[in-house]
Amino acid sequence: MAHLVIERLTKVYERGKVRALTDVSFEVERGEFLVLIGLSGSGKSTLLRCVNRLVEPTSGRVILDGTDVTRLSPRALRRTRRKIGMVFQQFNLVKRSSVLSNVLTGRLGYVSTWRALLGRFPKEDLERARRALSRVGLLEKMYARADELSGGQQQRVGIARALMQEPELLLADEPVSALDPATSHSIMQYLEQMNRDDGVTVLASLHFLSLARRYGTRIIALKDGQVVFDGPPGAIDNAKFKEIYGEDAEEVEVR
Amino acid sequence: MRERLLLSRRRFLSFFLDWISWVYLLYAGFSVHYIRTSPTLIWRPEEKFVLPELGLTDWILVLLVTVELTLLVRSFGVSLGQRAFGVILARADGSPRVGFFPRFGHFLASQLVLLTVGLPVLVRPDRPWHERAAGVALLPRPRGAPRVRPWWTSAYALTGAALAGVTVALGWVVTDIQVGALIRDVDKPARLWRGLSRPDLSYFFVPHPLEVDSIFGALVKSLFMALLATLAGAAIAFPFSFLGARNITATGPVGRVGYALTRGFFNVFRSIESIFWASIFAIWVGFGAFAGTIALFLHTIAALGKLYSEQVEHIDPGPVEAATAAGGNRLQVIKQAVIPQVLPPFLAFTLYRWDINLRMATVVGFVGGGGIGLLLKNFKDGGEWTQVGAVIVTFAVTVWLLDFVSGWVRERIV
Amino acid sequence: MRGEALPVLGRLKRGLTLGVVVPAADMAVLALLWFVGSLFFGFLLYGREVYFFGPWWLALLGIVEGALLWGAWGLSPGMALARIALQGPLRGRAGYWILSHLGPVGALLALFDPEGRLPAERWSGVQAVEGGRRGRPWYRTSTGWAAVVGLVLSLGAAVGTLQIDLNALFTRAPATVKYWQQVFRPNTSLLVLGIQLLIETFFMALMATLFAAPVAAALSFLAARNLTRGWIGRPVYLLVRLAGSVTRSVDAVLWAIIFGVWVGMGSFAGSLALWIHSVVDLLKLYADQLESIDPGPVEAVTATGASRLEVIRYAVIPQIVNPYLSFTLYRWDINVRMATVVGLVGGGGIGFRLGGALTDFNFSTASMYMILVIVLVWAIDYLSARLRAKLA
Ligand SMILES: Nc1ncnc2c1ncn2[C@@H]1O[C@H](COP(=O)(O)OP(=O)(O)OP(=O)(O)O)[C@@H](O)[C@H]1O
Ligand SMILES: [Mg+2]
């Protein structure tokens, strides 16, 4: 059975009455590296946020491992969220806090509330944070403040935070849009590693088709909130490209 | 070498801070005790500063105790001064892990330094004898190091907490806080409450028999006082604010003097309360709204002048450079490049100042300024609480309305 | 806006703005003009205060008709502030004017128009459009003229009401020489007493700030729009904000009077007055700060499965600690300044003695106290600015 099933998902934003998603359906197998592409405003972020309900879907179902995420009680939703890691375009670190404390927030779904409020994380979690940080090569920055790091380093902290959750599913919303090409590749390789070595299913939205082709095992293209393409990376030819991005678009390479 | 001298400065300052904290702790503690147990039970400003009644030997004892406590904490923990000036006691080789005996040695050797009135520190300020003898050194605190112990068990945190605690206790007794009275006496201002909840508006348009102005009339006066003072103050502050802006004037010696004089004037006059002026002008031009207006006006010039000048200093230099490059003279540059940039914030400041002046108009009325403040003072002194209530409610509603309107307007013009 | 269908709420909003808010604002402006005009001419003609010139029905008629005419023909202040302008042929304006007499009824009728138009727009060919007529210099708009006329009339009225007599400044100057001599010869024997009073004033400000900050910080979470969602949160938010704004409009000086009666004149009353004013003032600053935090970290921490409290602890609080401290220091600075004034009415501290000296015209005493106050204010101002610079 599929790891994640999206069924007739629709989202209408109350403010401004925007139809961000219309009847989106697809399935994702365990271990897939699925890339979402589409123009700005096509609904990629909305779709990703509906999966862990940072955005409440208007209708439709999101089924993860057989449970319908859209029906969960707040408590059960938190339990489910801790299995879903998320990486953001703007990194979304707490800038004034240390790298370590940012990474430790990845464990908040696991530790008891009083421990969390007092900031007394168990020893194993500190050990886990060390491992996560050394995996992304930032062990020596553990006590630095997050806003002292470069963009690429901040995104690696974001990945370490997701690693702390020991996720089964990783949502990555344009994880490299704020980074230069070389750094982009290194970040994408971390995601690829998680996908390959830990068997994490990855759902990433990307702006560059070349990156999508290079890392994705499957591509879904959205246009105006609807799926206009679903298939392997190789299947996107020039005609498809024009359909997704409009007549005047030119493909840009990221090396 | 420079670094070492810097360190020795920090050593001295941190020691002084530590010692003075102990002295403060003791004296503040004593004051709390004294005020609490003094027969009148209140802080009596008529009396002189009170010192504990101690003999000379006792005073020497106090001195010794404070110094010893200071040394103890400095040797065995991170003291407040050490923390504040960023130094720690480390081993001579720089390692931060210092054992008990070197610390104890440091404590003992420091006694000798005391006996010789600090001579070793004077002789070799960079590496004094007592530290060499104990095999320790006062070094800059390494940055970003992980904490070994939670901070709240450290000496500096405990000292800080004690200082804060004693300060609050002192404040508590000095300001004579009585939570009991607050709760017990809720019904004391009963007539005032009644006046506030059901304000007696019978003298709203008709003057009270003992007063010249009705509430409405006094309110209008206060509004006009604030308006006139603000407008006139802004008109004067506006040209002077350019004199008081560093980036406009401080280009030659004359300009710099003008800058210093203007800013000095702003700073001094800003600190003199309007009530002071109100009283002086009450004598000068007679009691009443005119005196109050001048008082507010003088304060407004300085307050707005400072805000304006700072705004001029923070403008984007780009347009100024462009206008200068285009060959404009000083006045042309100000007109073309500076004024368009500062006008919206100036307007916002002025509106904001009107609001403040309106509030200040009440206070100014208390010392001879006229307007609603005078009415309030008279009603209060006469014990006419329902009238006091009416004035307070009227004034609060007016302020609220004006706040609302000016906020709305400000949002649209800035 | 032309030709675009609106939902019911949009129609209601449009109708209310055009049919009620704009005319009401214009009427308020005209009433104000009438009022200051009456005062102005009252002083000019009779030399006394006249609040409303002419019979009341004439004033009423002038204000109402004036506002409606203004709205129909020119860019009235109400329209300028609502950023709306009328478009359409000049001959339609008469019809617009006549139909705009419907007022609130017109606003109701706008509910039944698919585009939310007022009857006045529907039958006159004149249409209100958003955006207004931009780009005109202020002296070519009727609102600009009204502002100038209003300002001039107000200034005239102010000069009359306040009995401004610049002559007195010169003729009576010699009488004040004696007092100026006192001002420049402060009574230094009061130094020790003054310092003691200053300490009291200092503690009034300190205690007020210290006890206000935690209360305001706790309340601020209820007064931040982005943290109060749902059917419990929103009413609580509105309630706290409203209570804050009402309390804030009662000035600290007025609170000092109230508390002076309540707990007796003295520094306790003064501290309480400063305290309550600090609470509501800090509450606003804090809550505005909370509303402007970066939502990114909040989203990220929520996505890890953290509970609401944990999100606040890890994503919200780290963002606000420094700004909160900075605001508190700033408030402390203000409180030190205000403590003098509050002491004047509520008793307590140096302000009370200063006020006493001022009402007795004992200027050598007053100037001694004033100097001490200035020193304290400067010291705290400097300290607070330094500490705030460190926090930034
Ligand atoms: N909070 C919101 N309220 C109202 N409308 C929103 C909100 N968030 C997104 N939208 C709208 O929903 C649509 C889809 O937005 P979304 O952010 O999902 O697009 P996207 O594909 O991620 O675009 P981008 O590549 O620019 O990030 C857009 O039209 C957007 O304006
Ligand atoms: Mg997006």
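In this text the structure is predicted, and so the values were computed from the model without any measurement.

1. Brief notes about the overall build of chain A
Part 1: When you go through chain A residue by residue, the secondary structure sums to 9 helices and 10 strands.
Part 2: Against the globule reference of 18 Å for 255 residues, chain A gives a C-alpha radius of gyration of 18 Å, in line with a compact fold.
Part 3: Dimensions along the principal axes, computed over C-alpha positions, put chain A at roughly 55 × 45 × 35 Å.
Part 4: A total of 255 residues make up chain A; the buried ones form 56% of that total.
Part 5: Intrachain contacts of chain A at a sequence separation of at least 6 include 69% that bridge at least 24 residues.
Part 6: Summed over all atoms, the accessible surface of chain A reaches about 11,300 Å², with 47% contributed by carbon and sulfur.

2. Quick word on the overall build of chain C
Part 1: Helices and strands together make up the secondary structure of chain C, namely 17 helices and 2 strands.
Part 2: By the compact-globule yardstick of 21 Å for 392 residues, chain C is too spread out, its C-alpha radius of gyration being 28 Å.
Part 3: For chain C, the spread of C-alpha atoms along the three principal axes comes to 80 × 75 × 40 Å.
Part 4: Summed over its atoms, the accessible surface of chain C is roughly 18,100 Å², and 71% of this surface lies on carbon and sulfur atoms.
Part 5: When the 31 basic and 20 acidic side-chain charges of chain C are each reduced to a single mean position, those positions are 4 Å apart.

3. Some points on the domain arrangement of chain C
Part 1: Taken domain by domain, chain C comprises domain 1 (8–153) and domain 2 (186–391).
Part 2: In this structure, domain 1 of chain C and domain 2 of chain C have C-alpha centres spaced 41 Å apart.

4. Brief notes about the site of ligand 1
Residue and element names in this part refer to chain A.
Part 1: Surveying the vicinity of ligand 1 reveals 14 residues, the closest of which are S40, G41, S45, T46 and E174.
Part 2: The contact in question runs from an oxygen atom of ligand 1 to an N or O atom on the backbone of G41, over 2.7 Å.
Part 3: Residue K44 places a main-chain N or O atom 2.9 Å away from an oxygen atom belonging to ligand 1.
Part 4: Relative to its unbound accessible area of 640 Å², ligand 1 is 67% covered by the protein chains.
Part 5: Among the secondary structure elements, those contributing two or more residues to the shell around ligand 1 are strand 2 (18–28) and helix 1 (44–51).
Part 6: Counting residues per element, the shell around ligand 1 draws most heavily on helix 1, which supplies 3 residues.

5. Observations regarding the sheet that holds strand 1 (residues 4–13) of chain A
Residue and element names in this part refer to chain A.
Part 1: Within the open sheet, the 4 strands sit side by side as 2-1-4-5. Their pairing is antiparallel. Of all strands in the sheet, those with a lone pairing partner are strand 2 and strand 5 (67–68), marking the two edges.
Part 2: In the sheet, strand 1 pairs with strand 2 via 7 bridges, with the strands oriented antiparallel. Opposite I6, over in strand 2, you have F26 as the bridge partner.

6. Overview of the interface of chain B and chain C
Part 1: Residue-level contacts link 71 residues of chain B with 77 residues of chain C.
Part 2: Contact between chain B and chain C buries roughly 6,800 Å² in total, counting both sides, with carbon and sulfur atoms accounting for 77%.
Part 3: Here chain B and chain C share 2 salt bridges between them.
Part 4: Its salt-bridge partner being D381 of chain C, residue R270 of chain B comes within 3.9 Å of it at the nearest N-O pair.
Part 5: For the pair chain B and chain C, the number of links is 12 residue pairs in polar contact (both at pLDDT 80 or more).
Part 6: Grouping the constituent residues of the side of chain B that touches chain C by class yields 49 nonpolar, 10 polar and 12 charged.

7. Quick word on the environment of A128 of chain C
Residues and elements named next belong to chain C.
Part 1: Within the element layout of this structure, A128 appears in strand 2 (residues 127–130).
Part 2: According to the relative accessible area criterion, A128 is buried, its value standing at 2%.
Part 3: As a C-alpha pair, A128 and R241 span 113 residues in sequence and 33 Å in three-dimensional space.

8. Focus: the interface of chain A and chain C
Part 1: Contacts between the two partners involve 29 residues from chain A and, on the opposite side, 21 residues from chain C.
Part 2: In this assembly, chain A packs against chain C so that about 2,000 Å² is buried in total across both faces, 60% of it on carbon and sulfur atoms.
Part 3: For the interface between chain A and chain C, the tally reads 2 salt bridges.
Part 4: With a shortest N-O distance of 2.5 Å, R49 of chain A and E299 of chain C are connected by a salt bridge.
Part 5: Counting across the chain A and chain C interface gives 5 residue pairs in polar contact (both at pLDDT 80 or more).
Part 6: Looking at the side of chain A that touches chain C, the elements that each hand over two or more residues are helix 2 (74–81), strand 6 (84–87) and helix 4 (113–118) of chain A.
Part 7: Per element, the largest residue contribution to the side of chain A that touches chain C is 4 residues, and it comes from helix 4 of chain A.
Part 8: Tallied by class, the residues present in the side of chain A that touches chain C amount to 12 nonpolar, 10 polar and 7 charged.

9. Here's the deal with unusual backbone geometry
Part 1: Although it is not a glycine, E174 of chain A adopts a positive phi angle of roughly 45°.
Part 2: Within the secondary structure layout, E174 of chain A lies in the loop between strand 7 (169–173) and helix 7 (181–197).
Part 3: Its relative accessible area of 8% is what places E174 of chain A among the buried residues.
Part 4: Of note in this structure, D176 of chain B is not a glycine but carries a positive phi near 60°.
Part 5: Considering the arrangement of structural elements, one finds D176 of chain B in the loop between helix 7 (155–174) and helix 8 (179–184).

10. Considering the packing of aromatic side chains
Part 1: Going through the model one piece at a time under the given rule, you end up with 35 aromatic pairs over all chains.
Part 2: Ring centres of F100 of chain B and F101 of chain B lie 5.3 Å apart, and the angle between their planes is 80°; this geometry places the pair in the edge-to-face category.
Part 3: By relative accessible area, which is 66% here, F101 of chain B ends up exposed.
Part 4: Positioned over the ring face of Y110 of chain A is R107 of chain A, at 4.0 Å from the centre of the ring.
Part 5: We note R83 of chain B situated over the ring of Y156 of chain B; from NZ or CZ to the ring centre the distance is 5.2 Å.

11. Examining the domain arrangement of chain A
Residue and element names in this part refer to chain A.
Part 1: When the domains of chain A are assigned, the result is domain 1 (1–83 + 167–255) and domain 2 (94–166).
Part 2: Here domain 1 and domain 2 have C-alpha centroids that lie 25 Å from each other.
Part 3: The partner domain 2 presents 14 residues to the 14 residues of domain 1 that form the contact.
Part 4: Both faces combined, the contact of domain 1 with domain 2 buries some 1,200 Å², and carbon together with sulfur accounts for 61% of it.

12. Structural notes on the sheet that holds strand 9 (residues 218–223) of chain A
Residue and element names in this part refer to chain A.
Part 1: Sheet architecture is open: 6 strands sit in the order 6-7-8-3-9-10, paired in mixed fashion. Lying at the two open borders of the sheet, with one neighbouring strand each, are strand 6 and strand 10 (226–231). On average, each strand axis in the sheet is tilted by 15° relative to the strand beside it, whichever way the strands run.
Part 2: Taken together, the 5 bridges between strand 9 and strand 10 define a ladder with antiparallel strand orientation. Its bridge partner being in strand 10, K223 is matched across the sheet by Q226.
Part 3: Strands strand 3 (33–38), strand 6, strand 7, strand 8 (201–205) and strand 9 of the sheet are contacted by helix 1, whose axis makes an angle of about 155° with strand 7.
Part 4: Seen against the sheet, helix 6 (residues 151–164) touches strand 6 and strand 7 and runs at an angle of roughly 175° to strand 6.

13. Quick look at a nonpolar patch on the surface
All names here are of chain B.
Part 1: A cluster of nonpolar residues, L72, F76, F100, F101, F104 and L108, forms a patch on the protein surface that exposes about 600 Å² of accessible area.
Part 2: Looking at the nonpolar patch, the elements with two or more residues in it are helix 2 (56–76) and helix 4 (100–115).
Part 3: If one sorts the elements of the nonpolar patch by residue count, helix 4 sits on top with 4 residues.
Part 4: Counting through the fold element by element, F76 comes out in helix 2.

14. A short note on the side chain of S222 of chain B
All names here are of chain B.
Part 1: Structurally, S222 is set in helix 10 (residues 215–243).
Part 2: A residue is classified by how much of its surface remains accessible, and S222, at 0% relative accessible area, is buried.
Part 3: Once you skip the residues sitting within four places of it in the chain, S222 turns out to touch L358, A361, G371, I372 and G373.

15. Concerning the packing of helix 15 (residues 308–346) of chain C against helix 16 (residues 349–359) of chain C
Residues and elements named next belong to chain C.
Part 1: Taken N-terminus to C-terminus, the directions of helix 15 and helix 16 make an angle of 60°; their axes are 6 Å apart at the nearest point. The orientation of helix 15 with respect to helix 16, classified from their angle, is oblique. The interaxial crossing formed by helix 15 with helix 16 has right-handed handedness. In contact with T340, G343 and L344 of helix 15, helix 16 contributes I350, G351, F352, L354 and G355.
Part 2: Grouping the constituent residues of the contact of helix 15 with helix 16 by class yields 4 nonpolar, 4 polar and no charged.

Cut-offs applied
- Throughout this document, residue positions are counted from 1 along each chain, in the order its sequence is written.
- Each chain is given a letter, starting from A, and each ligand a number, starting from 1, according to the order in which they appear as written.
- For a predicted model such as this one, the threshold for reporting local features is a pLDDT of at least 70, and the threshold for listing and counting side-chain atom pairs is 80 or more; totals across whole chains, interfaces and linings nevertheless cover every residue.
- Side-chain numbers come from the whole structure's heavy atoms, not from hydrogens or water.
- Each helix is a run of H or I in the DSSP string that is no shorter than four residues. Each strand is a run of E no shorter than two, and both are numbered from the N terminus.
- Atoms counted for the radius of gyration: C-alpha only. Globule rule: 2.2 Å times residue count to the power 0.38.
- The buried label applies to any residue whose accessible area, calculated with a 1.4 Å probe on protein chains only, is under 20% of its type's maximum; exposed applies above 50%, and partly exposed to all values in between.
- Note on definitions: a residue-residue contact is assigned when non-hydrogen atoms from the two residues lie within 4.5 Å.
- Computed with a 1.4 Å probe, the accessible areas rest on the Shrake-Rupley method; for each residue, only the protein chains presented here act as cover.
- Counted charges follow a simple rule, with Lys and Arg positive, Asp and Glu negative, and His plus the chain ends left uncounted.
- Lysine's charge is taken at NZ, arginine's at CZ, aspartate's at CG and glutamate's at CD.
- Delimitation of the domains relies on an automatic or database domain assignment.
- By convention in these notes, a residue is near a molecule or strand provided one of its non-hydrogen atoms lies within 4 Å of it.
- What qualifies as a polar contact is a pair of N or O atoms within 3.5 Å, subject to a donor-acceptor requirement within protein and to the restriction that residues adjacent in sequence count only when both atoms come from side chains.
- Pairing between two strands requires that DSSP report at least two bridges joining them.
- Buried area is a sum: the accessible area each of two parts loses on coming together, probed at 1.4 Å, counted once for each and added.
- Within this document, salt bridges are pairs made up of a side-chain nitrogen of Lys or Arg and a carboxyl oxygen of Asp or Glu, the two lying within 4 Å of each other.
- When residues are grouped by polarity, Ala, Val, Leu, Ile, Met, Phe, Trp, Tyr, Cys and Pro land in nonpolar, Asp, Glu, Lys and Arg in charged, and all others, Gly among them, in polar.
- Stacked, edge-to-face and tilted labels apply to pairs of Phe, Tyr and Trp rings (six-membered ring for Trp) whose centres lie within 6.5 Å, assigned for plane angles under 30 degrees, over 60, and everything in between, in that order.
- In this scheme, the term charge over a ring applies when either NZ of a lysine or CZ of an arginine sits within 6 Å of the ring centre and within 35 degrees of the ring normal.
- To get an axis, fit a line to the C-alpha atoms, keeping to the stretch in contact for a helix; angles then go from 0 to 180 degrees between the N-to-C directions.
- Note that patches include only residues with greater than 30% relative accessible area and no salt bridge, and the join distances are 9 Å for like charges and 5 Å for nonpolar side chains (Val, Leu, Ile, Met, Phe, Trp, Tyr).
- For this classification, under 35 degrees means roughly parallel, over 145 means roughly antiparallel, 65 to 115 means roughly perpendicular, and everything else is oblique.
- Rotating anticlockwise by less than a right angle from the far helix to the near helix defines a left-handed crossing, while the corresponding clockwise rotation defines a right-handed one.

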